[in-house]
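# A structural walkthrough
Each chain, letter by letter, is given below.
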Amino acid sequence: MNEKYAALYNAILEGDVAGAQDGVQAALAAGLEPGIILAEGMIAAMKEVGRLFEEGEFFVPEMLISARAMQAGLTLLKPHLLSSDVKSAGKVAIGTIKGDLHDIGKNLVALMLEGAGFEIIDLGVDVAPDKFVEAVATGGADIVAFSALLTTTMPNMKATIEAIQQAGLRDKVKIIIGGAPVTQEYANQIGADGFASDASRAVSLAQSLL
Ligand code: B12
């Protein structure tokens, strides 16, 4: 691994908030691209956290402190990921689906969309179907974006699409979905308009739909 982001990677793995902040600053000072710092130093570390959890070496508290270090690093990296002079490309209401509290991926997608000029309505985590409906009905969202990290909460994506349909709003909005267990096949199956496997692909997807 590149030594310019190895310290950042390790700090996130160890849940070291100050280390993650220092790591981001050091990587930026070394002239690394913000996108590379994010992918190689940060998202890769969270993947490793997931692997260690699966192997039974990490438990929920370790995942949580790693997530905190990740968020602390992201806050510092955010201004470098956002480009300045962009005009509104459309309005996206984004949230983590009902039952699910994971928000790092959702926040990253929101951040990249914002950077590409989309106006963001961040509905947060554990978002009930009627909140998404409201975001379309009164919030004026052109796109709704659901994130799910748990196989057990994925079906709530389907339930939310059904709620949007029942409210008579399905043809007024594009629906995009994502999250580690989500696939294009699942998107087709539940009638979503698109799926993307990461935040930068989420931007091209949103742009292609409007
Ligand atoms: C950090 C973490 C936590 C933290 C979350 C903190 C937070 N604020 O988010 C805490 C400790 C709270 C947690 C809790 C739990 N977790 Co957890 N967690 C993780 C972990 C390690 C990392 C997730 C992450 O942040 N990844 C980094 C981000 C950047 O990636 P991402 O979310 O996939 O997002 C990217 C793409 O998917 C995509 N994307 C994401 N959303 C969207 C949306 C759209 C519209 C689009 C287009 C794209 C898109 O773009 C993103 C950026 O590139 C994963 C492991 C993993 N491999 O995913 C487990 C994992 C998701 N957790 C898991 C589990 C089991 C749990 C718990 C049930 C544990 C427990 N026993 O309590 C609870 C559930 C709590 C709940 N109700 O939600 C399992 C899920 C297994 C499954 N198949 O369902 C995983 C896979 C770990 C494992 N390997 O077993 N967790």
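See the structure shown above.
Presented here is a report on the structure given in the accompanying data block. The residue count restarts for each chain, going from 1 along the sequence in the order it is written. Only residues with pLDDT of at least 70 are given local features in this predicted model, and only at 80 or more are side-chain atom pairs given and counted; all residues enter the totals for whole chains, interfaces and linings. The basis for the side-chain values is all heavy atoms of the structure; hydrogens and waters are excluded.

### A look at helix 4 (residues 60-81)
- Along its 22 residues, helix 4 runs 29 Å from first to last C-alpha, staying within 8% of the 32 Å computed at 1.5 Å per residue.
- Axes are fitted to the seven residues ending at a residue and to the seven starting at it; the angle between these axes is taken as the bend at that residue. A helix here means a DSSP run of H or I that spans at least four residues, while a strand means a run of E at least two residues long, and both kinds are numbered starting from the N terminus. The sharpest bend along helix 4 comes to roughly 35°, located at Thr-75, with the proline Pro-79 sitting one to four residues further on.
- In this structure, the buried side of helix 4 is in contact with helix 1 (3-14), helix 2 (17-29), helix 3 (34-54) and helix 5 (104-115). To estimate the expected span of a helix, subtract one from its residue number and multiply by 1.5 Å. In this description, contact between two residues means that some pair of their heavy atoms is separated by no more than 4.5 Å.

### A word on the coordination of the cobalt atom of the ligand
- Listed donors are limited to N, O and S atoms within 2.8 Å of the metal, widened to 3.2 Å for Na, K and Ca; water is not among them, so incomplete-looking sites are possible. One donor from the polypeptide reaches the cobalt atom of the ligand: His-102 (NE2), at 2.3 Å.
- Structurally, the position occupied by His-102 is in the loop between strand 1 (90-97) and helix 5.

### Observations regarding the site of the ligand
- Residue proximity to a molecule or strand is established when one non-hydrogen atom of the residue lies within 4 Å of it. Among the 35 residues in the neighbourhood of the ligand, the closest are listed as Glu-54, Leu-101, His-102, Asp-103 and Ser-147.
- Counted as a polar contact is a pair of N or O atoms within 3.5 Å, where, for protein atoms, one must be capable of donating a hydrogen and the other of accepting one, and residues adjacent in sequence contribute only when both atoms are in side chains. For the ligand, a nitrogen atom lies 3.3 Å from a polar atom in the backbone of Gly-50.
- For the ligand, an oxygen atom lies 3.4 Å from a polar atom in the backbone of Ala-180.
- Mapped onto the shell around the ligand, the elements with two or more residues apiece are helix 3, helix 4, helix 5, strand 3 (143-147), strand 4 (174-178) and helix 9 (199-209).

### Concerning the pattern of salt bridges
- Salt bridges are defined as contacts in which a side-chain nitrogen from Lys or Arg sits within 4 Å of a carboxyl oxygen from Asp or Glu. All chains considered together, the criterion is met by six salt bridges.
- The shortest N-O distance in the salt bridge between Lys-158 and Glu-162 comes to 3.3 Å. Residue Lys-158 and its partner Glu-162 are located together in helix 7 (residues 155-166), separated by four residues, close to a single helical turn.
- Using a 1.4 Å probe on the protein chains alone, a residue whose accessible area is under 20% of its type maximum counts as buried, one over 50% counts as exposed, and one in between counts as partly exposed. Judged by relative accessible area, which is 39%, Lys-158 ranks as partly exposed.
- Assessed through its relative accessible area of 33%, Glu-162 is described here as partly exposed.
- Salt bridges here are not isolated pairs; linked through shared partners, they connect Glu-48, Arg-51 and Glu-55.

### Some points on the pairing of strand 4
- For strand 4, a buried count of four out of five residues is recorded, marking the element as mostly surrounded by other parts of the structure.
- Paired strands, as defined in this entry, are two strands with at least two bridges between them according to DSSP. The pairing of strand 3 with strand 4 spans five bridges and is classified as parallel. Across the sheet, Phe-146 pairs through a bridge with Ile-177, a residue of strand 4.
- In this fold, the crossover linking strand 3 to strand 4 by way of helix 7 has right-handed handedness.
- Where strand 4 meets strand 5 (residues 194-195), two bridges bridge the pair, whose relative direction is parallel. Handedness of a crossover is defined as follows: with both strands directed away from the viewer, a clockwise route from the first strand across the helix to the second makes it right-handed.

### Some points on the environment of Ala-116
- In this structure, Ala-116 sits in the loop between helix 5 and strand 2 (118-127).
- Each C-alpha atom of the pair Ala-116 and Glu-134 lies 24 Å from the other, and the pair is 18 residues apart in sequence.

### Structural notes on the sheet that holds strand 2
- As summarised here, the arrangement of the five strands in space is 2-1-3-4-5, forming an open sheet in which the pairing is parallel. A single partner strand is all that each edge strand has here, and the edge strands are strand 2 and strand 5.
- Helix axes are fitted only over the stretch in contact, all axes being lines through C-alpha atoms; the angle between N-to-C directions runs from 0 to 180 degrees. Packing of helix 7 onto the sheet brings it into contact with strand 1, strand 3 and strand 4, and relative to strand 3 it is tilted by some 160°.

### Things to note about helix 9
- Along helix 9, the residues that are buried comprise Ala-199, Ala-202, Val-203, Leu-205 and Ala-206. With its buried residues spanning 165° around the axis, helix 9 presents them on a single face. Opposite the buried face of helix 9, by more than 90 degrees, sit the exposed residues Arg-201 and Ser-208.
- Summarising the contacts, the buried residues of helix 9 are in contact with helix 5, strand 2, strand 3, strand 4 and strand 5.
- The opening residue of helix 9 is Asp-198, an N-cap whose side-chain oxygen sits 3.1 Å from the backbone nitrogen of Ser-200. Read the arc as the range of directions from the helix axis to the C-beta atoms.

### Re the packing of helix 1 against helix 4
- Look at helix 1 against helix 4: their axes get within 6 Å of each other, and the N-to-C directions meet at 140°. With respect to their mutual orientation, helix 1 and helix 4 come out oblique. Along the contact surface, helix 1 presents Ala-11, Ile-12, Leu-13 and Glu-14, while helix 4 presents Ile-65, Ser-66, Ala-69 and Met-70.
- Amino acids are sorted into nonpolar (Ala, Val, Leu, Ile, Met, Phe, Trp, Tyr, Cys and Pro), charged (Asp, Glu, Lys and Arg) and polar (every other residue, Gly among them). When grouped by side-chain class, the residues that make up the contact of helix 1 with helix 4 number six nonpolar, one polar and one charged. Working rule for angles: under 35 degrees goes down as roughly parallel, over 145 as roughly antiparallel, 65 to 115 as roughly perpendicular, anything else as oblique.

### What to know about unusual backbone geometry
- Positive phi, normally seen in glycine, also occurs at Asp-126, with a value near 50°.
- Tracing the backbone shows Asp-126 in strand 2.

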